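# Residue-level structure breakdown
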Amino acid sequence: MAIEFKPSPSLPPPSTAVGPVAWVRHNLLSSPLNIILTIFSLYILYLLIPPLIEWGVINATWTGSSNKACTGSGACWAFINSYFEQFMYGFYPSDQTWRVNLALVILVLLVAMFAIKKINRFYLTLVIILPYPILAYYLFSGGAFGLEPVETAKWGGLFLTILLGVIGIVASFPLGALLALGRRSNMPVAKAVCVIFIETIRAVPLITILFMASVMIPLFLPDGLNFNKLLRVLIGIVLFSSAYMAEVIRGGLQAIPKGQYEAADAMGLTYWQSMSLIILPQALKLVIPGIVNTFIGLFKDTTLVYIVGMFDFLGRIQAANHDTNWLGTTVEGYVFAAFVYWAFCFGMSRYSMALERKLETGHKRN
Amino acid sequence: MTDRNMALAQLEQGEQAIIEFKDVNKWYGEFHVLKNINFSIKKGERIVVCGPSGSGKSTMTRCINRLEEHQKGIITVDGIEMNNNLKNIETIRKDVGMVFQHFNLFPHLSILENLTLAPIWVRKMPKKEAEELAMHYLERVKIANQALKYPGQLSGGQQQRVAIARGLCMQPRIMLFDEPTSALDPEMIKEVLDVMVKLAEEGMTMVCVTHEMGFAKTVADRVVFMDAGEIVEANEPQEFFNNPQHDRTQLFLSQILNH
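The notes below deal with the structure included here. Just so you know, these numbers come straight off a predicted model, no measurement behind them.

The rules we used
- Residues numbered from 1 in each chain as written.
- Chains lettered and ligands numbered in written order.
- Predicted model: local features only at pLDDT ≥ 70, side-chain atom pairs only at ≥ 80, totals over all residues.
- Heavy atoms only, no water.
- 1 Å grid on protein atoms, 1.4 Å probe; cavity = no way out; pocket = protein on both sides within 12 Å on 5 of 7 lines; lining within 4 Å.
- Points joined across faces, edges and corners; volume = space filled by probe spheres on them.
- Helix = DSSP H or I, 4+ residues; strand = E, 2+ residues; numbered from the N terminus.
- Nonpolar A, V, L, I, M, F, W, Y, C, P; charged D, E, K, R; others polar.
- Axes fitted to C-alpha atoms, helices over the stretch in contact; angles between N-to-C directions.
- Parallel < 35°, antiparallel > 145°, perpendicular 65-115°, else oblique.
- Contact = heavy atoms within 4.5 Å.
- Buried < 20%, exposed > 50% of the residue type's maximum accessible area, 1.4 Å probe, protein only.
- Right-handed = clockwise from strand over helix to strand, strands pointing away.
- Polar contact = N/O pair within 3.5 Å; in protein donor to acceptor, adjacent residues only side chain to side chain.
- Pairing = 2+ DSSP bridges.
- Buried area = accessible area lost by both parts, 1.4 Å probe.
- Salt bridge = Lys/Arg side-chain N within 4 Å of Asp/Glu carboxyl O.
- Core = buried A, V, L, I, M, F, W, Y, C linked by side-chain atoms within 4.5 Å.
- Left-handed = near helix turned anticlockwise from the far one by under 90°.
- Phe/Tyr/Trp six-rings, centres within 6.5 Å; stacked < 30°, edge-to-face > 60°.

### Side note on the layout of surface pockets
Estimates place the volume of the second largest pocket at around 1,300 Å³. N186(A), Y261(A), D265(A), Y271(A) and M275(A) are the residues nearest the centre of the second largest pocket, which is lined by 31 residues in total. When residues of the lining of the second largest pocket are traced back to their parent elements, those giving at least two are helix 7 (157–183), helix 11 (258–266) and helix 12 (271–286) of chain A together with helix 3 (86–95) of chain B. Class assignment of the residues belonging to the lining of the second largest pocket gives a composition of 15 nonpolar, six polar and ten charged.

### A word on empty space enclosed by the protein
Summed over the entire model, instances satisfying the criterion amount to four cavities of 30 Å³ or more. When its volume is computed, the largest cavity comes out at roughly 100 Å³. Mapped by element, the contributors of at least two residues to the lining of the largest cavity are helix 11 of chain A together with strand 6 (96–99) and helix 6 (156–168) of chain B. For the lining of the largest cavity, the per-class residue count stands at eight nonpolar, two polar and two charged. Taken as a whole, the second largest cavity spans an internal volume of roughly 60 Å³.

### Some remarks on the packing of helix 14 (residues 313–321) of chain A against helix 15 (residues 330–359) of chain A
All names here are of chain A. At a minimum axis separation of 9 Å, helix 14 and helix 15 run at an interaxial angle of 170°. Relative to helix 15, the element helix 14 is oriented roughly antiparallel. Where helix 14 abuts helix 15, its residues F313, L314, I317, Q318 and N321 lie against T330, G333, Y334, F336, A337, V340 and Y341. Residues belonging to the contact of helix 14 with helix 15 are distributed by class as follows: eight nonpolar, four polar and no charged.

### A short note on the pairing of strand 7 (residues 174–178) of chain B
All names here are of chain B. Counting buried residues in strand 7 gives five out of five residues, a clear majority hidden from the surface. Alternating residues of strand 7 divide into I174, L176 and D178 and M175 and F177, and every residue in both groups is buried. Between the parallel pair strand 7 and strand 8 (residues 205–209), the chain is carried across by helix 7 (residues 186–201), and the sense of this crossover is right-handed.

### Section: unusual backbone geometry
Here the phi dihedral of D78(B) falls at roughly 55°; this positive angle occurs in a residue that is not glycine. Within the secondary structure, D78(B) is located in the loop between strand 4 (72–77) and strand 5 (80–81).

### Examining the side chain of E233(B)
Residues and elements named next belong to chain B. Residue position: E233 is located in strand 10 (residues 230–235). Polar contacts involving the side chain of E233 include one to the side chain of T249, which spans 2.7 Å. When sequence neighbours within four positions are dropped, the list of residues in contact with E233 reads V223, V224, F225, F240, N243, P244, Q245, H246 and T249.

### Some words on the sheet that holds strand 10 of chain B
Residue and element names in this part refer to chain B. Sheet architecture is open: six strands sit in the order 6-7-8-3-9-10, paired in mixed fashion. In this open sheet, the two edge strands, each paired with only one partner strand, are strand 6 and strand 10. Here the strands of the sheet are splayed against their neighbours by 15° on average, with no regard to which way each runs. Summarising the sheet, strand 7 and strand 8 pair through five bridges and their orientation is parallel. Following the sheet pairing, I174 is matched in strand 8 by T205. Along the sheet face, helix 2 (residues 57–64) touches strand 3 (46–50), strand 6, strand 7, strand 8, strand 9 (222–227) and strand 10 and points at about 150° away from the line of strand 8. Packing of helix 7 onto the sheet brings it into contact with strand 3, strand 7 and strand 8, and relative to strand 8 it is tilted by some 145°.

### With respect to the interface of chain A and chain B
When the parts of a complex come together, some accessible area is lost, and that lost area is often used as the size of the interface. At the junction of the two partners, chain A supplies 21 residues and chain B supplies 29 residues. Carbon and sulfur atoms supply 59% of the area buried between chain A and chain B, which totals about 2,200 Å² over both sides. Along the contact surface separating chain A from chain B lie one salt bridge. Among the ionic pairs, E262(A) bridges to R62(B), the shortest N-O distance being 2.5 Å.

### Topic: the nonpolar core
Membership of the largest hydrophobic core comes to 122 residues, with the highest contact counts inside it found for F87(A), F313(A) and F21(B). Looking at this core element by element, the count peaks at eleven residues for helix 10 (residues 229–255) of chain A. Excluding residues that lie within four positions of it along the chain, F21(B) makes contacts with I37(B), N38(B), F39(B), M60(B), C63(B), I64(B), I74(B) and I75(B). One finds I111(B), A163(B), L168(B) and F225(B) within the second-largest nonpolar core, a separate group that totals 48 residues.

### What about the sheet that holds strand 1 (residues 19–28) of chain B?
All names here are of chain B. Spatially, 2-1-4-5 is the arrangement adopted by the four strands of the open sheet, whose pairing is antiparallel. Every other strand in the sheet has two partners, leaving strand 2 (31–41) and strand 5 as the edge strands with one partner each. Pairing of strand 4 with strand 5 involves two bridges; the strand directions are antiparallel. From the neighbouring strand, T76 faces strand 5, where its bridge partner is E81. Across the sheet, helix 2 touches strand 1, strand 2 and strand 4, and the angle it forms with strand 1 is around 120°.

### Topic: the packing of helix 8 (residues 188–202) of chain A against helix 10 of chain A
All names here are of chain A. Direction vectors running N to C along helix 8 and helix 10 enclose 115°, while the axes themselves pass 9 Å from each other. Between helix 8 and helix 10, the angle falls in the class roughly perpendicular. For the pair helix 8 and helix 10, the sense of crossing is left-handed. Here helix 8 contributes F197, I198, I201 and R202 to the contact with helix 10, which in turn contributes L239, F240, S242, A243, Y244, A246 and E247. Residues of the contact of helix 8 with helix 10, tallied by class, amount to eight nonpolar, one polar and two charged.

### Topic: the pairing of strand 4 of chain B
On any regular strand, side chains alternate: one points to one face of the sheet, the next to the other face. Inspection of the sheet shows strand 1 of chain B paired to strand 4 of chain B by five bridges, in the antiparallel sense. Across the sheet, N25(B) pairs through a bridge with K72(B), a residue of strand 4 of chain B.

### Looking at the packing of aromatic side chains
For any pair of aromatic rings, geometry is given as the distance between the ring centres together with the angle between the planes. Residues and elements named next belong to chain A. Per the counting criterion, the structure on display carries 27 aromatic pairs over all chains. Aromatic pair F84 and F336: ring centres 6.4 Å apart, planes at 55°, arrangement tilted. You can see F84 sitting in helix 3 (residues 77–89) and its partner F336 sitting in helix 15, a full 252 residues away along the chain. Exposure remark for F336: the relative accessible area of 15% places this residue in the buried category. When the ring of F140 is compared with that of F159, the centres are 4.8 Å apart and the planes differ by 65°; the resulting orientation is edge-to-face. You can see F140 sitting in helix 6 (residues 131–141) and its partner F159 sitting in helix 7, a full 19 residues away along the chain. Note on F159: relative accessible area 7%, which makes it buried. Grouping aromatic residues by their ring pairs yields a cluster made of F79, Y83, F84, F87, F299, F313, W326, F336, Y341 and F344.

Below, the structure written as structure tokens:
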């Protein structure tokens with residue numbers, strides 16, 4: 001009779017292999033160089049952190065109505081505090097800011113509904129890209145349903161930054177995908193149009209496009225025919241980032257093996273079916289880091305609208321720095337701006353990492 | 001469409017070939033890949049195409065569903081001439097299933113979704129019906145228990161069987177196999193060939209590019225040998241293997257059979 005094979009029982013790992021002690025040993029003290037780097041880093045932190053906390057928290061002034069209140073050696077957060085509403089909404093009438101908040105809350109709720117499995121994602125997406133913007137438009141600009149009209153020149157602050165960023169992102173993404181497909185198309189005319197568009201836009205700085213949008217276009221338009229400056233700037237931003245988006249997505253399209261195109265063709269799928277069901281889902285997944293990179297860049301680039309006289313978040317802070325009541329608070333303003341931008345961009349990059357993990361479907365073999 | 005119906009009726013009576021090549025020529029740039037291909041395949045026939053690499057056998061097979069375009073001559077499939085008419089190409093592709101060397105499953109879709117995609121989007125079948133159909137074919141290739149996995153989680157042999165089932169889900173009249181076992185480990189070749197043999201026994205019209213001579217001997221109605229873009233010899237397997245006419249065929253057979 002054959003000898004029966006019994007696997008030996010598993011033993012718990014030694015404390016040097018798992019747990020906090022092992023983590024420290026492995027990550028901080030694994031080699032002499034590593035030990036030196038760890039000690040050096042601790043020293044740098046020791047030099048930096050305590051003074052920062054002293055400046056930013058312990059000795060900081062939190063309330064006050066001018067820079068005279070800031071007598072301590074720490075940060076003058078009273079400046080941020082007193083200007084907070086303008087930083088958030090620009091010159092949006094303060095009794096109407098609930099409309100902005102409401103639109104934002106509705107958007108967050110709608111997006112959060114993606115987490116509910118029972119709701120059809122396709123219809124939810126439709127709701128977000130079709131009726132929602134109309135609702136948001138009426139909430140923001142008023143003039144209907146008994147809402148007081150607020151002209152777009154008064155929109156500003158973080159509200160304007162988010163508005164430009166979100167619309168730029170949402171509109172440039174599908175446009176970029178179309179341009180990328182067009183550039184790889186077999187149709188000479190479509191291809192030429194896409195190549196010329198992408199190469200022209202990429203060769204021009206965003207500032208130039210914004211200037212064109214705000215100053216030049218009105219000169220060329222006949223008298224009486226003129227449309228909103230915010231809209232013109234938005235179109236400029238969307239066109240600009242869609243060219244970059246197109247090239248990122250094209251990179252993804254090129255990474256898809258020819259066999260995927262052939263398999264889709266051999267099944268009798270039409271061009272648009274094979275692109276939307278087979279090729280784009282895979283290509284977009286591959287270039288999520290590049291897409292998010294472009295989004296983050298776009299979000300920060302929106303601050304250039306300052307140049308054409310629109311006061312976005314950073315623009316509003318810079319303008320407030322010139323307030324004679326608050327001279328000497330430039331650093332606080334920029335630190336606050338840096339922190340808010342960082343929070344948004346870090347959030348986006350974390351989201352992209354989570355998305356990549358979620359879409360991972362096992363080993364990529366073909 | 002009446003022309004096509006007439007052609008189809010003739011087809012059913014076995015009067016007309018289901019696939020016909022007439023003086024087909026194809027070039028890749030300057031390179032002449034297919035030279036004067038004249039060949040026809042009847043309904044229910046099993047054709048094995050063999051030959052050295054670069055001989056044009058894959059290209060010829062891929063011309064049947066127009067994954068490759070030919071530049072001269074006429075290819076007729078199922079009574080429809082293959083030309084630039086997109087409608088015709090789509091019609092043919094619905095009726096012609098294809099299995100590739102590298103499987104070409106869609107890695108972002110589950111096995112079940114891979115199978116139901118074409119029935120749902122091309123045949124406009126309700127989702128539930130398509131899923132039942134898919135499970136039926138998955139059972140036939142003995143892989144129904146993997147339906148909810150992704151292609152990346154399956155072995156090569158399993159993936160290729162899924163690919164065959166995916167082709168069958170469109171309930172095609174013709175199945176094309178482009179070196180279906182060339183990318184597989186020796187152990188897995190058998191499980192794929194078994195599925196193909198069963199399919200052949202059921203009377204499916206098959207065109208199979210392969211180096212599996214055992215498969216050719218047992219299953220093929222005719223074996224086609226190609227070299228340098230031409231059909232050198234086409235014959236019943238018995239004759240082809242025991243009594244090859246051309247010295248080129250003899251050389252090829254001696255090289256692949258004696259190793």
